[in-house]
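# Geometric and topological summary
Chain by chain, the residues:
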2 protein chains.
Amino acid sequence: MKKIAISIGDLNGIGLEIALKAHKKISKICKPIYCINRLILEWGSAMLGIDIPKEFKIQECGEVFDIKPGENTKEAGESSFDSFITAVALAKSKKVSAIVTLPINKSSWAMAGINYKGHTDALSDLLGCETTMMLGCKDMFVILFTHHIPLKDVSSQISTKKLSKFLIDISKYIDSDKIAVLGLNPHAGDDGVIGSEDKDIQKAIKKANKSIKRDIFQGPLVPDTAFSKENRKEFKYFVCMYHDQGLIPLKALYFDESINVTLNDSIVRTSVDHGTAFDKAYKNSNLSLKSYINAVKEALNH
Amino acid sequence: MKKIAISIGDLNGIGLEIALKAHKKISKICKPIYCINRLILEWGSAMLGIDIPKEFKIQECGEVFDIKPGENTKEAGESSFDSFITAVALAKSKKVSAIVTLPINKSSWAMAGINYKGHTDALSDLLGCETTMMLGCKDMFVILFTHHIPLKDVSSQISTKKLSKFLIDISKYIDSDKIAVLGLNPHAGDDGVIGSEDKDIQKAIKKANKSIKRDIFQGPLVPDTAFSKENRKEFKYFVCMYHDQGLIPLKALYFDESINVTLNDSIVRTSVDHGTAFDKAYKNSNLSLKSYINAVKEALNH
C-alpha cells in the first residue's frame, strides 16, 4: 500500500478530529503517516474524547503548546507550518508517494511570521516551481487561471501568450484528452460584441493544441451553460478564468465532497476544500469526512 | 381562469412546436391567447404534423411569410416582433393578466430593423419604465444587477447609490422578507484585501434596508459558497452583481426548468430561459416543455 504523509493543519481547528475519525477508513487504502508532535496528539485526542487508534504512525515534529480551540494563536500557526514542511520533506525524499493537507489558518500563519497566503503558495516556494490549483471531485474538476485577485483585474491577466503557456503546462499533469476552457464574458463575448478577451482565449486554445500536437483543449465555452448536466457528461475538467467562475458551480453542485489538488512538476499534494471551522473545533460533533477521504483517494490516483 | 397572452416567438425556431405541444397542459391552469397569424399557424402546424388543438384561441397579428426552419430571416424577425407587441397591447389594455414570451432571435430582429437586444430591452422602451431581469425556477431565482456588459466593466457599475436604488426597486416586486445579495470579489473581498467593491455593496444593503424600514437584504454573501445547498434552503432570491455570477449556478443546478421574469411597475411578463434552438426547429423531436410550462405557472403567480 502507498504511504501518504498527512499534514495535520491548525491544531486549534478541526483537523485532528477529522484525522482521528477517518483513520480506520483511510488506513484500508493507504499507510498514513501523521506529521504531529506526540504529546500534542495525546492531549488533543483526550480533549476530543477520541482514543488514538492503535496503528497511528506519526512523524514527530513541532513543539508542545496550549491547544486553544477556535482561537488564532502564533503557536498553532507555527505548529501547522512545521507539520506541513515535515510532510513536504517526506515527499521530497520519496518516503511517501504524496501528501494530504488538513486546513491551516492564514491569520495564525501571519501571527507566526509565515507570510504565505496558503499551502499552494508555500508549496510553490518550497519546491521552487510554479503550481496550479485544481479543485473538484471525481465527477468534475475546475482549474483556476487566476486566483485571489479583484474581479476587475482578471481581464488584464488574460493574454494569448500567458494562457497558452498555462494550458500547455496543465496538459502535462492532467491525463485527459478533452479539457473545457471557459470564456470570460457573458455569452463568451457574443462574437466580440461583449468584450474582446474571449477571442484571445480562442487563440490561446489553438496555440496550446498546436504546441502539444493534440486537440485536447476545447472552447471558449459560453460560461453560463458550461456546467450544464449535458456538458458535465462531456467534460470532467474545466479551465476557469477566475476564482468564482469555477468555485461557484463547484460548490453549488458538490459542496462538501470537493478537494484541492496542487499540480506541479514535483510532488503530489491534495487537500480538503474547507477551512479550519473554528466554530466546530473540539466539539466532537458530526463533521463531514467526505472531503478528506476524497483527498486521500485522489492522492492515491497519481 | 386567468387569461395569458402568448407571444409566439421566432416562427423559424421551436416556439410554435412548444406552444402546440404544451397547450393541453397549460389550458388546464389558464386561458392562453396565442398572438399569431392564422394562416401561419395552419401552415406551421402542418409542417410539424401536429393538429391545432380545438380550443386554441388566437389574437391575429402579423403577415403571412415563408417559414424557413432554422434560418434567420427578416420576415421571421418582423413576425416575432408583431406577436410580441400584440401581446403587450393585450396586457396594457387589461385583456390578459400577463404575457408569456417564447424565444425570438436577435439577429432576425436586427435584419428586420428592430434594434432591441431582446424582450426585456424592448419592454422597457414600450412601457417607458425601467425593467429588471430575474431568472430562475420555483426553488431559486437570481436577479441581475448588470446584464450584457464585459466582465471588466462590472466593477465600475457598482456604487452605493446605484445599488441601493436597485435594491429598493426590487423590494417592491418581490414578495419575500429575505433576499441574499452577493459580493463581487473572491471571498467577498476578504475584508477589503481583494478589492473594495464589497464594502460598497455592504453600504448599499444597509441603505436599502433603512429606506424600506425592513431588514430584507442580507449580505454581501461570499460568492463561491452563496449557492451551497445550505444557503439555498435559507434563501430563494439572490441578487447577483453580474450575468454569469447568477446564471452559472442557475444553469448548473436547474438547466431546463428555469424561466425569465421581467420585473417592472406595469405588466407581468415571463419567458422561457432558452433560445430559438434553430437546430431543432420543425423536427417534431423530444423538446423539453418544462421551461415554458414553468413560465406560464409563474405568470399566474402575480
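Since we're looking at a predicted model, the values are computed, not measured.

Now for the relation of the copies chain A and chain B. For the pair chain A and chain B, the relating rotation is 179 degrees, the translation along its axis is 0.0 Å, and the fit reaches an RMSD of 0.1 Å. In the structure described here, the two chain copies are related by an operation that fits a two-fold rotation axis. A share of 100% of interface residues in chain A that are also interface residues in chain B marks the association as one of identical surfaces.

Attention now goes to the environment of K3 of chain B. Residue and element names in this part refer to chain B. Checked against the element boundaries, K3 lands in strand 1 (residues 3–7). The spacing of K3 and K165 is 162 residues in sequence and 33 Å in space, taken between C-alpha atoms. Each residue touching K3, except ones within four places of it in the same chain, is listed here: K31, I33, K95, V96, S97 and A98.

This paragraph deals with a positive patch on the surface. Taken together, the side chains of K24, K25, K28 and K297 of chain A present a region of like positive charge at the surface. Here K297 of chain A falls in the partly exposed class, since its relative accessible area comes to 44%.

The buried fraction of helix 12 (residues 290–300) of chain A is high, at eight of 11 residues. Within helix 12 of chain A, the full set of buried residues consists of S291, Y292, I293, A295, V296, E298, A299 and L300 of chain A.

Moving on to the nonpolar core. In terms of nonpolar packing, the biggest core is built from 132 residues, with Y292 of chain A together with Y292 of chain B touching the most fellow members. In this structure Y292 of chain A touches I6, I18, A19, A22, I26, Y34, V100, L102 and V272 of chain A, once residues within four positions along its chain are discounted.

Looking along a regular strand, one sees the side chains alternate between the two faces of the sheet. Residue and element names in this part refer to chain B. The alternating pattern of strand 4 (residues 98–101) places A98 and V100 on one face and I99 and T101 on the opposite face, and all of these are buried. Pairing geometry for strand 1 and strand 4, over four bridges, is parallel. Opposite I4, over in strand 4, you have A98 as the bridge partner.

Another point: the domain arrangement of chain A. All names here are of chain A. Here the domain parsing of chain A yields domain 1 (1–130 + 265–302) and domain 2 (138–256). On a C-alpha basis, the centroid separation for the pair domain 1 and domain 2 is 31 Å. Of the roughly 650 Å² buried at the junction of domain 1 and domain 2 (both faces included), carbon and sulfur atoms supply 36%. Run the count over domain 1 and domain 2 and you get one salt bridge. One salt bridge connects K290 with D256, and the closest N-O pair in it is separated by 3.8 Å. Seen at the junction of domain 1 and domain 2, the total is one residue pair in polar contact (both at pLDDT 80 or more). Top element by residues in the side of domain 1 that touches domain 2 is helix 12. It accounts for three residues. Partitioning the side of domain 1 that touches domain 2 into residue classes produces no nonpolar, two polar and six charged.

What counts, and where the lines are drawn
- Residues numbered from 1 in each chain as written.
- Chains lettered and ligands numbered in written order.
- Predicted model: local features only at pLDDT ≥ 70, side-chain atom pairs only at ≥ 80, totals over all residues.
- Heavy atoms only, no water.
- Least-squares fit on C-alpha atoms with pLDDT ≥ 70 in both.
- Contact = heavy atoms within 4.5 Å.
- Helix = DSSP H or I, 4+ residues; strand = E, 2+ residues; numbered from the N terminus.
- Patch = residues over 30% accessible without salt bridge, like charges linked within 9 Å, V, L, I, M, F, W, Y side chains within 5 Å.
- Areas by Shrake-Rupley, 256 points an atom, 1.4 Å probe, with all protein chains shown as cover.
- Salt bridge = Lys/Arg side-chain N within 4 Å of Asp/Glu carboxyl O.
- Lys, Arg positive; Asp, Glu negative; His and termini not counted.
- Charge placed at Lys NZ, Arg CZ, Asp CG, Glu CD.
- Buried < 20%, exposed > 50% of the residue type's maximum accessible area, 1.4 Å probe, protein only.
- Core = buried A, V, L, I, M, F, W, Y, C linked by side-chain atoms within 4.5 Å.
- Pairing = 2+ DSSP bridges.
- Domains from an automatic or database assignment.
- Buried area = accessible area lost by both parts, 1.4 Å probe.
- Polar contact = N/O pair within 3.5 Å; in protein donor to acceptor, adjacent residues only side chain to side chain.
- Nonpolar A, V, L, I, M, F, W, Y, C, P; charged D, E, K, R; others polar.

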